Amino acid sequence: MQHLLLCVLATTTAVQAYGLGSSGWDVAYLKALEALQKLNQTEKVGIVTGVTWKGGPCVGNTYAAESIGYPSLCLQDSPLGVRFANPVTAFPAGINAGATWDRNLMYARGAALGAEAKGLGVNVQLGPVAGPLGKNPGGGRNWEGFSVDPYLSGVAMEETIQGMQDSGVQACAKHWLGNEQEHNRETISSNIDDRAAHELYVWPFMNAVKANVASVMCSYNKVNETWACESHAILNKLMKSELGFRGYIMSDWNAQHTTVKSALAGLDMTMPGSDFSSPPGSIFWGPNLQKAIDNGSVPQSRLDDMVTRILAAWYLVDQDEEYPEVSFSSWNGGKASVDVTDDHAAVVRSVARDSIILLKNEEGALPLRRPRSLAVIGSDAIVNPDGPNACSDRGCDNGTLAMGWGSGTAQFPYLIGPLHAILAQSERTGTQVIPSTTDDTAAAASAAAVAETAVVFINSDSGEGFITVEGNKGDRNNLDPWHDGNKLVQAVAAVNKNVIVVVHSVGPVILETIFAEPSVKAIVWAGLPGQESGSALTDVLYGKVSPSGKRPYTIAKQRSDYGTGWVNAEVDDFKESIFIDYRHFDENGLMPRYEFGFGLSYTTFEYSGISILVSARAGPSTGKVIPGGPSELFERVGTIITHVLNSGSVAGAEVAQLYIGLPYSAPWSPPKQLRGFQKLWLQPMQSGVAAFALTRRDLSYWDVKMQKWVIPVGTFRVYVGSSSRDIRQEGSFTVRGRWF
Ligand code: NOJ
């Protein structure tokens with residue numbers, strides 16, 4: 001009885017300390033605080049400490065706490081499927097989800113990902129990714145995330161996290177912060193100015209926190225000379241206080257360097273609990289954390305806070321209610337005792353299909369109708385003859401590219417290659433298919449010479465730095481197609497006047513050589529489509545569906561035009577500041593080959609009318625900090641509306657995009673920045689309304705002096721269009737200061 005009373009009292013005090021109300025987090029915190037009372041000290045330390053590398057079935061595992069029925073938590077990659085397990089669905093990569101610009105598909109993908117993770121007993125799925133954001137076009141892991149634009153990335157983070165957590169798995173937003181390259185990632189310091197940090201790199205994590213993400217992973221690199229996982233500035237101050245994050249921060253695998261400093265800086269869980277050696281070394285927490293508490297270097301309250309955060313996240317997504325047991329082991333082939341794949345192939349196909357970007361289409365080359373003969377060329381047209389999973393963590397570029405390499409992968413249950421799908425289709429259209437499935441130019445030319453049309457497949461791969469593929473240590477050495485793809489296309493274009501090029505790539509590929517070939521009538525970007533690659537592609541090539549993807553990053557005419565690139569150094573000063581990708585191209589008047597937001601369709605769209613209704617007060621956003629930031633920041637201050645008509649003859653989808661230019665009273669800013677988008681599916685002659693809701697954040701810049709998001713005084717420029725360069729409607733609105 002006395003114990004119960006003490007518990008209630010302790011909980012009540014803690015409730016006051018955490019300022020609890022009745023939101024999802026508040027209820028979760030109440031449960032967590034109650035559970036905390038029942039835990040002994042060993043259990044508490046165990047909840048925050050990984051059981052060491054390969055010490056459990058998942059890539060990360062913590063210790064169970066029997067007194068509260070808390071399991072050994074299973075933390076498992078990846079952002080595109082459950083890694084090291086089978087059967088699972090191999091979803092399109094994040095970059096393809098971004099390229100759909102379709103909120104519903106982003107959510108559906110997240111929900112399906114989460115359902116598989118939960119089905120297999122995974123408690124925490126290590127994704128989605130908003131860092132790297134992709135400022136370096138050759139950054140090895142850019143494809144794990146959604147877009148180089150923080151707004152698009154932020155929306156995708158939010159939808160994905162909601163989908164995952166609605167399915168019951170805890171999401172993990174990673175990598176926090178400034179993890180923009182693979183070279184020297186474990187030693188480099190990302191020195192980011194405060195404004196760029198907020199407006200670019202922090203922005204999508206704000207969406208993640210707003211979506212109540214359960215956990216965040218701090219990155220390997222240093223930020224402004226301090227290890228990310230022991231930086232008070234970015235963990236306690238930025239993530240927890242400024243963004244109001246209520247879940248827990250785990251270290252990237254072996255990204256922790258200290259026992260005390262990391263604990264005091266705001267780290268809540270160490271992963272995997274040791275380094276990667278066997279027997280495991282460098283155990284910073286576990287018994288060492290207890291010692292630090294005993295000698296007073298880490299207060300007991302800090303440990304209690306770590307535990308409370310971890311338990312609250314567990315309760316938040318109801319994992320205390322009959323959660324499945326882990327049904328596979330990462331270390332013995334991953335065969336699961338259950339099949340969780342359900343009908344998720346349909347989601348894969350939709351995302352893969354609607355992320356395909358038609359870059360060029362002349363003389364109606366696409367869609368293919370009933371070609372008498374079709375040459376299908378390139379090693380990228382077929383599945384790796386050794387099988388789609390032949391290379392561990394997909395660390396090779398043999399056969400068609402459908403995901404990059406590294407920890408951000410999953411095993412293919414099957415992979416439908418382009419040739420396979422084209423063959424199936426050609427039976428229906430009576431087309432003779434002439435394959436040449438190597439990258440040999442002579443063989444390619446002889447196949448193409450006798451065909452009416454030739455489809456050439458090229459690719460460009462990258463991944464995580466622990467694997468080197470064809471001389472690329474994670475990051476790409478250049479932005480050219482691999483395996484001499486330019487030469488392959490040239491050889492085909494020399495003998496065939498009707499060439500279609502399909503690109504499977506992790507990021508931008510310089511296409512100038514290909515673009516300059518008059519015989520190349522169409523160019524299609526298919527990204528990293530996952531297991532339904534071929535089926536999604538034929539849906540588009542044969543016009544079953546109009547292509548509707550839009551560029552999630554710019555394709556430049558030459559690599560140097562980006563003004564950024566990964567550095568072979570111990571410091572990256574982020575000198576480009578807020579000017580990355582289209583912000584940089586616009587600012588410097590550079591012509592890209594295919595701009596951010598660009599993508600053609602089989603139909604045409606006309607925009608008409610623009611109504612701008614904005615009533616915002618200039619000045620800083622304040623208010624109580626809610627998950628994401630100060631509450632005012634998310635208040636709606638306006639709507640911009642335009643009409644879009646499908647003026648062509650087939651059904652299709654348009655992504656209407658809203659860009660805003662800040663007034664001149666703001667500090668030096670990009671000419672325009674994405675602040676809204678809407679994808680509209682329209683039948684021929686059907687028109688739809690694109691309505692963009694604006695929040696205070698959308699009109700703000702980060703004021704370094706005030707340390708606040710501020711809406712500047714003056715006239716804002718409004719651009720609505722089909723891409724960042726194809727603006728169809730313009731307007732403006734004025735925000736006055738309080739003194740007017
Ligand atoms: C390191 C990677 O950076 C991270 O993304 C991944 O989740 C962990 N390894 C675990 O595999």
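Nothing here was measured: the structure is a model prediction, and the numbers come from that model. (Residues numbered from 1 in each chain as written. Predicted model: local features only at pLDDT ≥ 70, side-chain atom pairs only at ≥ 80, totals over all residues. Heavy atoms only, no water.)

**Overview of the UniProt feature "domain: Fibronectin type III-like" (unreviewed entry) in the protein chain**
Defined as follows: UniProt positions are given in the numbering used here, feature names are shortened, and annotations may be inferred rather than shown by experiment. Strands here mean DSSP runs of E at least two residues long; helices mean DSSP runs of H or I at least four residues long; both are numbered from the N terminus.
UniProt feature "domain: Fibronectin type III-like" (unreviewed entry): in the numbering of this structure it lies at residues 654-724. From the first C-alpha to the last, residues 654-724 spans 14 Å; its make-up is 0% helix and 59% strand.

**Overview of the state of the cysteines**
Throughout this description, disulfide means a covalent bond between two cysteine sulfur atoms. Rules: Any pair of cysteine sulfurs within 2.5 Å is marked as a disulfide. Only protein chains enter the area calculation, which uses a 1.4 Å probe; residues under 20% of their type maximum are buried, those over 50% are exposed, and those in between are partly exposed.
Here the structure, examined in full by the defined rule, presents 3 disulfides. A disulfide bridge connects C391 with C396, and the sulfur atoms are separated by 2.0 Å. Residues C391 and C396 share a disulfide whose torsion about the S-S bond is about 95°; that sign makes it right-handed. Across the pair, C396 and C391 agree in class, each one buried. If one numbers only the bonded cysteines of the protein chain, in the order they occur, the disulfide pattern is 1-2, 3-4, 5-6. Its sulfur unpaired, C172 is 9.3 Å from the next cysteine sulfur, which belongs to C218. You can call C172 buried: its relative accessible area is 0%.

**A look at the packing of aromatic side chains**
Defined as follows: Each pair of aromatic rings taken from Phe, Tyr and Trp, with Trp reduced to its six-membered ring, is defined by centres within 6.5 Å and is described as stacked if the planes are under 30 degrees apart, edge-to-face if over 60, and tilted in the remaining cases. As a reminder, the over-ring test applies to NZ of lysine and CZ of arginine, requiring each to be within 6 Å of the ring centre and within 35 degrees of the ring normal.
If you walk through the whole model with that rule in mind, you get 22 aromatic pairs. Here W176 and F205 contribute two aromatic rings whose centre-to-centre distance is 4.9 Å and whose plane-to-plane angle is 70°, an arrangement assigned as edge-to-face. Residue W176 is located in strand 4 (residues 170-176), and its partner F205 is located in helix 7 (residues 194-210); the two are separated by 29 residues in the primary sequence. Ring plane angle 70° and centroid distance 5.5 Å describe the contact between W702 and W709, whose orientation is recorded as edge-to-face. Considered together, W702 and W709 belong to a single accessibility category, that of buried residues. Every member of this aromatic cluster is reached through a ring pair, and the members are W101, Y151, Y582, F596, Y659 and F677. Residue placement shows K210 over the ring face of F634; its charged tip is 5.1 Å from the ring centre. Between R551 and the ring centre of Y553, over which it is positioned, the NZ or CZ distance is 4.6 Å.

**A word on helix 10 (residues 287-294)**
Residues separated by three or four positions in an α-helix point in the same direction, a consequence of the helix having 3.6 residues per turn. The test is simple: This arc is built from the directions going out from the helix axis to the C-beta atoms. What makes two residues a contact is simply this: any of their non-hydrogen atoms within 4.5 Å.
Listing the buried residues of helix 10 in full gives L289, A292 and I293. All buried residues of helix 10 lie within an arc of 100° about the axis, which places them on one face of the element. Along helix 10, the residues that are exposed and aim more than 90 degrees away from the buried face are P287, K291 and D294. Elements in contact with the buried residues of helix 10: helix 3 (41-47), helix 9 (260-265) and helix 11 (300-316). Remark: G296 follows helix 10 within two positions and exhibits a positive phi of approximately 85°.

**Looking at the site of the ligand**
Just so we agree on the cut-off: When we say a residue is near a molecule or strand, we mean one of its heavy atoms is within 4 Å of it. Polar contact is the term for a pair of N or O atoms within 3.5 Å; when the atoms are in protein, one must be able to donate a hydrogen and the other to accept it, and sequence-neighboring residues count only if both atoms are side-chain atoms. Each accessible area is a Shrake-Rupley estimate made with a 1.4 Å probe; only the visible protein chains count as cover when residues are assessed.
Looking at the ligand, there are 13 residues lining it, with D77, R141, K174, H175 and D252 nearest. A distance of 2.6 Å separates an oxygen atom of the ligand from a polar atom in the side chain of D252. Here the ligand has 290 Å² of accessible area as a free molecule, and 95% of this is covered by the chains.

**Digging into the sheet that holds strand 3 (residues 124-125)**
Threshold: For two strands to be treated as a pair, DSSP must find no fewer than two bridges joining them.
Reading across from one edge, 1-2-3-4-6-9 is the order of the 6 strands in this open sheet, with mixed pairing throughout. The sheet is open, and its two edges are formed by strand 1 (60-61) and strand 9 (248-251), each paired on a single side.

**Let's talk about unusual backbone geometry**
Of the consecutive residues D77 and S78, the connecting peptide bond is found in the cis state with omega at 10°. The omega torsion across N86 and P87 is 0°, close enough to zero to call that bond cis. Tracing the chain through its elements places P87 in the loop between strand 2 (74-76) and helix 4 (94-100). Its identity as a non-glycine residue notwithstanding, K54 has a phi of 65°, on the positive side. Mapped onto the elements of the fold, K54 is located in the loop between helix 3 and strand 1. A positive phi angle, close to 55°, is found at D484, a residue other than glycine. Tracing the chain through its elements places D484 in the loop between strand 13 (453-460) and helix 15 (485-493).

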